[in-house]
Each structure stands twice: as C-alpha cells, then as structure tokens.
Amino acid sequence: MTDLTLANAALLPLGQDGPRRIERGWLRIENDRIAALGEGPAPEGGAIEDLGGRLITPALVDCHTHLVYGGSRAREFEMRLEGASYEEIARAGGGILATVTATRAASEDDLVASALPRLDCLLAEGAGTVEVKSGYGLTVEDELKMLRAARRLGRERPVRIVTSWLAAHALPPEYTGRAEAYIDEVAIAGLRAAHAEGLVDAVDGFCEGIAFSPAQMARIFDVAAELGLPVKLHAEQLSHLGGSQLVAERGGLSADHVEHADAADAAALARAGAAAVLLPGAFYTLRETQMPPVAAFREAGTAMALATDCNPGTSPLTSLLLTMNMAATLFRLTPDECLRGVTANGAQALGLADCGRLEPGMRADLAVWDIAQPAELTYRIGFNPLHARYFEGRKC
C-alpha cells in the first residue's frame with residue numbers, strides 16, 4: 001500500500017479546468033491513485049518526499065505504436081538514401097512484407113525480447129501508457145502471437161499496455177486479388193479469436209488506396225461494434241478517402257496521421273469527441289510535404305494527440321520527447337499543445353479517462369522532471385531531463 005506525498009514541486013495538472021500550473025505544490029498518493037494536490041506546504045501525515053522544486057506532469061502516453069515486430073529495415077533505409085523507389089525496394093523483398101516475413105518467423109519469446117529495448121527507451125523518457133498494435137503477422141495465429149507478446153510486455157515492465165487489432169494493415173501475397181476473403185478469414189475471424197482470448201482493447205485499420213477502403217473497414221467496424229470494442233483508423237495519410245469521417249460516424253477514438261484531412265474532417269472528429277493523432281516521425285522519415293491541418297483542428301476544437309508511430313519502416317522512433325520537438329518544428333504546435341498531445345489528449349485517443357491529468361482519482365502514473373519550464377520538454381533535442389517515474393504510485 002502506497003501512502004506518499006510528493007512535496008515542494010511545481011505541478012502541471014493538464015486538465016481542461018483548474019490551474020494551468022501550481023508553482024509550489026504537493027501531490028498526495030494513496031494506493032495507486034492521486035488522492036489530492038494543492039499549493040503551499042504539504043499536509044502532515046504519511047511519508048513525504050521533497051522534490052526540490054522539480055516539475056511533476058502526468059506520465060507520458062504513447063497512443064500509436066507498432067512496437068512488436070520481427071527483423072529490421074535498416075538496409076531499406078540505406079536503399080532509399082541511395083535513390084531506390086518504394087516499388088524497387090518492394091521488388092527486392094523490402095517494405096512491409098519484409099517485416100511480415102520476419103515477424104512470422106519469430107517466436108512469441110523472440111518478439112518480446114526484441115520489443116523490450118524499444119519499450120525501455122519510452123519508459124526512460126517518462127512513458128506510463130503505451131499502445132501496441134498487431135499488423136505484421138497477417139495470419140490469424142501470427143496476429144494473435146503479436147498481441148500475446150504485447151500483453152507480456154505489460155507483465156515484464158511497470159507500464160500500461162493497450163492493444164489494437166490491426167490485421168487490416170496490408171494484404172499478404174497469398175490473398176492477392178482476394179481482399180474480401182482476407183477480411184473474412186483473417187481480419188474478422190482473427191478479431192473474434194483475439195477478443196475471446198482477451199487480447200484486444202481496440203480495432204484499427206489502414207484506410208488507404210494501397211491498403212483497405214472505407215467500405216472494407218466498415219465491415220470490420222461492424223464486428224468491433226458487435227464485440228463492444230472501440231475503433232480507430234490510420235486515415236488520410238497519403239490521400240483523402242474519408243477514413244476520418246468513418247471514425248466520426250462510428251464514434252471512434254481517433255483518426256491517425258491525417259495529413260490529407262480537411263476542415264470538414266476536423267469538425268466531424270471534434271463533434272464525435274475523437275482525437276486527431278499526429279505522427280511527425282513518419283512525416284519526417286518519409287520526407288512528406290503535406291502537413292496535417294493543424295489550424296483547422298484548432299478552430300474546430302479537435303483534440304490533437306502525438307505519438308511515436310514506432311515501426312521498423314516509416315518511423316523507427318522510440319522517443320516521445322523528440323516526437324514533441326518534431327511536432328513543434330514541423331507542424332508548428334505550441335509546447336503546451338505538444339505536452340497535452342502526449343498526456344491528456346494521448347489518453348483521450350485511447351479512450352482512457354483515468355490517466356493523462358493530475359487530478360484526484362487519476363492513476364498515480366507520474367513523471368518528475370529536472371526542468372524549470374515545461375517548454376524545455378519540447379525545446380531540447382537529444383536531452384532527457386527525467387528525474388523519476390512513478391507507476392501506480394510506486395517509484396520505478
């Protein structure tokens with residue numbers, strides 16, 4: 001049982017209401033929850049830890065990752081730098097199917113072992129919640145294997161793992177020309193199996209011309225609704241197919257990437273309470289030029305979340321701090337928007353109401369930073385000022 005007060009600290013509650021910052025404050029933890037917080041000297045009772053004026057924020061939330069996968073795509077990175085096109089790389093055995101081949105060949109133990117160092121990078125920068133997707137197995141059993149590995153990560157480390165079923169990520173070669181059969185036999189059949197095994201928290205898909213259409217995703221979303229699972233979507237990354245509108249119509253959690261979204265999409269997402277998840281790591285790695293419509297999201301009041309999109313091909317990124325800097329530099333988000341993107345809005349993008357803010361009743365998942373100004377978390381590059389991380393009230 002934890003009974004602890006963190007005293008002599010600056011607090012960033014990051015709620016919609018209440019103070020933006022408590023300068024000389026305290027935060028009381030009871031069991032695994034925030035019991036109270038306030039300004040001034042800490043109340044007496046229980047253990048007290050003096051933080052020496054350090055800054056407390058909620059633990060960070062990485063709401064979009066492909067953390068579990070087999071193999072590496074480093075050679076593909078070299079080939080792109082040498083001038084090879086995506087098609088040339090694919091013909092040489094690269095691209096997503098290279099990761100599919102490696103993931104299918106890996107055991108569950110292999111996947112856990114390779115994912116743990118990536119997860120440790122996120123934890124070392126203050127993450128407390130990390131979403132992990134399937135999507136590189138593309139058979140029922142290999143997709144389940146990925147999610148079993150993801151669940152194990154949450155037992156191996158003090159972190160909250162949230163899983164997403166992403167079988168509708170790409171069409172494997174054995175289903176060429178038979179996309180509807182793949183949806184029936186793998187995406188839907190596997191979803192039912194994952195749900196029965198307790199492996200899935202949400203349902204995702206890649207809605208794009210090179211992947212799956214809104215109509216195809218709607219079929220999968222119908223089954224998600226039947227199973228009581230929330231939905232989200234990789235949408236409007238390379239073109240404008242209407243994925244964001246589908247998310248809004250289905251009351252989904254988020255539309256992710258959204259570089260080609262428009263003002264109507266922003267308004268629809270805001271009305272539905274869905275977040276727009278911006279992924280600057282992929283934008284940077286692919287050297288994209290079409291920026292997400294940040295001004296439209298602001299005007300509509302759409303919650304903007306940020307995530308690493310950690311994956312072997314298009315965003316080999318395991319730093320939420322660098323993600324924040326990229327979002328500010330590339331997308332012109334403010335430091336406050338960046339911090340909210342990896343805390344309160346990241347939690348919203350996962351449908352989590354018990355983390356991402358410093359409020360009584362919230363999980364005591366906290367990050368303590370050796371900084372004076374919150375903007376330093378976004379401003380610095382390659383510098384990690386984390387002093388301590390608390391998970392469920394316990395210092396890690």
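Cut-offs applied
- Residues numbered from 1 in each chain as written.
- Predicted model: local features only at pLDDT ≥ 70, side-chain atom pairs only at ≥ 80, totals over all residues.
- Heavy atoms only, no water.
- UniProt positions renumbered as here; feature names shortened; annotations may be inferred.
- Axes fitted to C-alpha atoms, helices over the stretch in contact; angles between N-to-C directions.
- Helix = DSSP H or I, 4+ residues; strand = E, 2+ residues; numbered from the N terminus.
- Parallel < 35°, antiparallel > 145°, perpendicular 65-115°, else oblique.
- Left-handed = near helix turned anticlockwise from the far one by under 90°.
- Contact = heavy atoms within 4.5 Å.
- Nonpolar A, V, L, I, M, F, W, Y, C, P; charged D, E, K, R; others polar.
- Pairing = 2+ DSSP bridges.

The name recorded for the protein chain in an unreviewed UniProt entry is Imidazolonepropionase, from Rhodovulum kholense. In its Catalytic activity (unreviewed entry) section, the UniProt entry covering the protein chain states "4-imidazolone-5-propanoate + H2O = N-formimidoyl-L-glutamate". For the record of the protein chain, the UniProt heading Pathway (unreviewed entry) holds the text "Amino-acid degradation; L-histidine degradation into L-glutamate; N-formimidoyl-L-glutamate from L-histidine: step 3/3."

Colleague: Explanation requested: the packing of helix 5 (residues 140–156) against helix 6 (residues 179–196) in the structure shown.
Modeller: Any two packed helices are characterised by how steeply their axes cross, that is the angle between the axes, and by the distance between the axes. Interaxial distance between helix 5 and helix 6 falls to 9 Å at its minimum, and their mutual angle equals 45°. Compared by their axis directions, helix 5 and helix 6 come out oblique. Of the two possible hands of crossing, helix 5 and helix 6 adopt the one that is right-handed. Where helix 5 approaches helix 6, its residues Val140, Leu144 and Leu147 are matched on the opposing element by Glu185, Val186, Gly190, Ala193 and Ala194. For the contact of helix 5 with helix 6, a count of residues per class yields 6 nonpolar, 1 polar and 1 charged.

Colleague: Sorry if this is basic, but what is going on with the sheet that holds strand 8 (residues 160–165) here?
Modeller: As a general point, the strands of a sheet are linked pairwise by backbone hydrogen bonds and lie either parallel or antiparallel. Taken in spatial order, the 4 strands make up an open sheet running 6-7-8-9, and their pairing is parallel. Strands with a single pairing partner mark the edges of an open sheet, and in this sheet they are strand 6 (60–62) and strand 9 (202–203). Bridge analysis of strand 7 (residues 127–133) against strand 8 gives 5 bridges, and the strand direction is parallel. Bridge pairing in strand 8 links threonine 129 to arginine 160. Contacts from helix 6 reach strand 8 and strand 9 within the one sheet, and its direction differs from that of strand 8 by about 145°.

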